[in-house]
Amino acid sequence: MNEYLPLVSLWRLLAVLALVISPHVLRLPVWETALIAAVIGWRALAAYKQWRLPPVWLKLGLTALAFIGVLWSYQGRISGQNAGTALLCVMAALKLLEFRDRRDVMVVVFLMYFMLMTHFLFSQELWTVAYLIVCVVATTAVLVECQHRGALAPRFTLRKGGAIALQALPLMLLLFILFPRIPGPLWGLPADAGAARSGLSDRMAPGDISSLIESDETAFRVTFDGAVPQPAARYWRGPVFDNFDGRAWEEGFATLVPGYGPEVDLRGRPVRYEITLEPNRARWLFALDMPDESSIPEDAILGREGQLLARKLVRERRRYTLTSFTDYRMAQTPQHPRRYLRLPDGFNPRTLDFAQRLRDQYPQDLDYARAILRIFREQPYVYTLQPPALGRHSVDEFLFDTRRGFCEHYSSAFAVLMRAAGVPSRVVTGYQGGQLNEFGGYYVVRQSDAHAWVEIWVAPDGWIRIDPTAAVAPERIEQSIEAALSELEGLPGHLSARTRLRYYLEARWDLINAQWNGLVLAYGPELQQQFLSRFGLDDMRRMILTLTIAITGTLALLGLMLLRKAAPARTEDAALREWHRLARKLTRAGLPPRPAEGPHDYVERVAAARPSWAAALRHIAGLYLHSRYQLDPETAPLRELAHAVRSFRTS
């Protein structure tokens, strides 16, 4: 081992490999994390103890088991974002078991460079970029050290690694700005199987939305152009559910296939705003309820239920501008009205019976709805993050037994009560509220702002929004989620103990992330074309030509710098400079100097070969030795030396 990589250098390589893999630890299966840690630890100990490497049969067996383990952990997949990264990490670790020459070391080093790119598949935040810069410098330092027989000082290798990274920075920026952008980021391709990222789902069951309170991830950011609606009016419309199976609500067929936009009577003053939506791997584009159909993006559709849908899955961060009216009337008659009255057989019998008795007291639809809200408000119902688990008859148990729930419990129960009384209803999910970032002047809507409410159809007014949560916990709608919950609820860390200092730090960091997202991560084909059009490079052919010229010029400049650095430094000794000029003349005549040959021996060898030059060469040699080595050289011999060298002719 020590013949091609010293022990200390190997330990440094293992440490950098662990540094590169460590962010993936929480994403990898437990068995794989344990295997990688065991292999790295054993390799460090084996080098110290001078143990022999494992036999071939053991290495092949471990490789096969690791491959099968990845297949089993990812449901038969070895490619894609998660499975492919897991396979790459475990195979890079197993490569440590066959270090036999410098080639194996270089393979591991280049695998580390490749693994660094996989981190962008999961996160593109600023902290990820900072971490990867550190990893790039450390990996390059290991690469530098692997080129030497002995161990080098860490300060030297890290300085070299940083210098190499800085030298690559101009070319990286050039490629980033000019290289043609693909539609969609690299980290969004290919998409693994599975549901959307953290956020709202295509179904709603008890506990689904309350679990989102634990997440402080940003759903989207909003910048208003003009007056900002009050918190109670900031309902961000998302998936609409009309199909109830007794426990969960799902989208029906008509919702999944967008039709014509809703027949809406828009009233009041318009609200214009810009949304920067985080990737959610779904088709939902959230909008302030209710968007004006004339303002929606070209690649989006406004469904009949008022839900804004993208034509393709949202795999990259996108920005769009909308105009909405918070005062509106959605008066169209429901398509297939029986769909909004359907309830499954054999579920929640107590709720159905209660609805019939209450309906007898309040035959008018709105009076009936107000009676239910009054029950929620006056009876001991509790708005809580910790509702008890519910069984088969979930609505029955919530209404008459537990009486403790989150917004999805209240909206589901209210919609069922309305349908049981013959009033068409549907559940709408989305977000409610948003927090102002004072430094950036925009609002941040997080996953913890997820909310559910109900719409009922009442003639002649049409669809009317009713939020049952507002009857139980009005603070949730008018202020914030933390204002509606008790300190005893055990609020998540990102909602509890919010001090001014904490808000300042969080807001500043979010502003930095927003600027990073807007300037770097959102630099796609559209922004690139807008930027390059300022310089007359909006045409693809011009851009490719400019890119080719810029890269060629950069590489040529780099080559000249390397050649200049490799060329011997020009001496400041005038006598030696004249002697080199004489040597070049003799070299062109076929008599170059030999290595370690002194001036006197060189002149005598040339004089023996060319007697006619002997007198002139001996005179020049005498002048050179006098000018170069006299303790008090005179100016006259140096000028005479220069004249003699210029006068010497080999032809």
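Relevant structure appears above.
Residues numbered from 1 in each chain as written. Predicted model: local features only at pLDDT ≥ 70, side-chain atom pairs only at ≥ 80, totals over all residues. Heavy atoms only, no water.

Participant: Account for the sheet that holds strand 17 (residues 442–446), with residues named and values stated.
Facilitator: Spatial ordering of the open sheet is given by 11-7-2-17-16, a layout of five strands whose pairing is antiparallel. One side of each edge strand has no neighbouring strand; the edge strands of this open sheet are strand 11 (318–324) and strand 16 (435–437). Here the strands of the sheet are splayed against their neighbours by 30° on average, with no regard to which way each runs. Here strand 2 (residues 218–225) runs beside strand 7 (residues 271–277); their pairing, made up of six bridges, is antiparallel. Across the sheet, residue V222 finds its bridge partner in strand 7, namely I275. (Pairing = 2+ DSSP bridges. Helix = DSSP H or I, 4+ residues; strand = E, 2+ residues; numbered from the N terminus. Axes fitted to C-alpha atoms, helices over the stretch in contact; angles between N-to-C directions.)

Participant: Could you give an account of the nonpolar core, naming the residues involved and the relevant values?
Facilitator: Counting 74 residues, the largest nonpolar core has F220, W236, Y273 and F414 as its most contacted members. With nine residues, helix 13 (residues 407–420) is the single largest residue contributor to this core. Dropping the residues within four chain positions of it, Y273 is found in contact with V222, T223, F224, D225, W236, A287, L288, Y320, T321, L322, T323 and S324. Core analysis: the next-biggest nonpolar cluster, separate from the first, contains 41 residues, L14, V20, A47 and V90 among them. (Core = buried A, V, L, I, M, F, W, Y, C linked by side-chain atoms within 4.5 Å. Buried < 20%, exposed > 50% of the residue type's maximum accessible area, 1.4 Å probe, protein only. Contact = heavy atoms within 4.5 Å.)

Participant: Describe the sheet that holds strand 5 (residues 249–250), naming the residues involved and giving the relevant values.
Facilitator: Taken in spatial order, the three strands make up an open sheet running 1-5-4, and their pairing is antiparallel. Sheet topology places strand 1 (203–204) and strand 4 (243–244) at the edges, where each strand pairs with a single neighbour. Sheet topology places strand 4 next to strand 5; two bridges connect them, and they run antiparallel. Note that in strand 5 the partner of F244 across the bridge is W249.

Participant: So what's going on with empty space enclosed by the protein? Residues and values would help.
Facilitator: Enumeration over the complete set of coordinates arrives at five cavities of 30 Å³ or more. In this structure, the largest cavity occupies an estimated 90 Å³ of space. Around the largest cavity, the lining comprises 13 residues; the ones closest to its centre are P206, V395, E408, H409 and S412. Going through the elements one at a time, helix 12 (394–402) and helix 13 are the ones with two or more residues in the lining of the largest cavity. Examining the composition of the lining of the largest cavity, we find that four residues originate from one element, helix 13, more than from any other. Here the residues of the lining of the largest cavity sort into eight nonpolar, three polar and two charged. Put simply, the second largest cavity is a space of about 70 Å³. Lining of the second largest cavity is provided by Q435, L436, N437, V444, R446, Y503, E506, A507 and D510. (1 Å grid on protein atoms, 1.4 Å probe; cavity = no way out; pocket = protein on both sides within 12 Å on 5 of 7 lines; lining within 4 Å. Points joined across faces, edges and corners; volume = space filled by probe spheres on them. Nonpolar A, V, L, I, M, F, W, Y, C, P; charged D, E, K, R; others polar.)

Participant: Please give an account of the pattern of salt bridges that cites residues and values.
Facilitator: Two side chains that carry opposite charge are able to pair once their charged atoms sit near each other. Here the structure, examined in full by the defined rule, presents 23 salt bridges. The salt bridge partner of E98 is K95, with a shortest N-O separation of 2.7 Å. Given the relative accessible area of 13%, K95 is considered buried. Two residues, D104 and R103, come together in a salt bridge whose shortest N-O distance is 3.7 Å. You can call D104 buried: its relative accessible area is 7%. Since its relative accessible area comes to 57%, R103 is described here as exposed. Several salt bridges converge on common partners, so that one network encompasses R237, D289, R426, E455 and R465. (Salt bridge = Lys/Arg side-chain N within 4 Å of Asp/Glu carboxyl O.)

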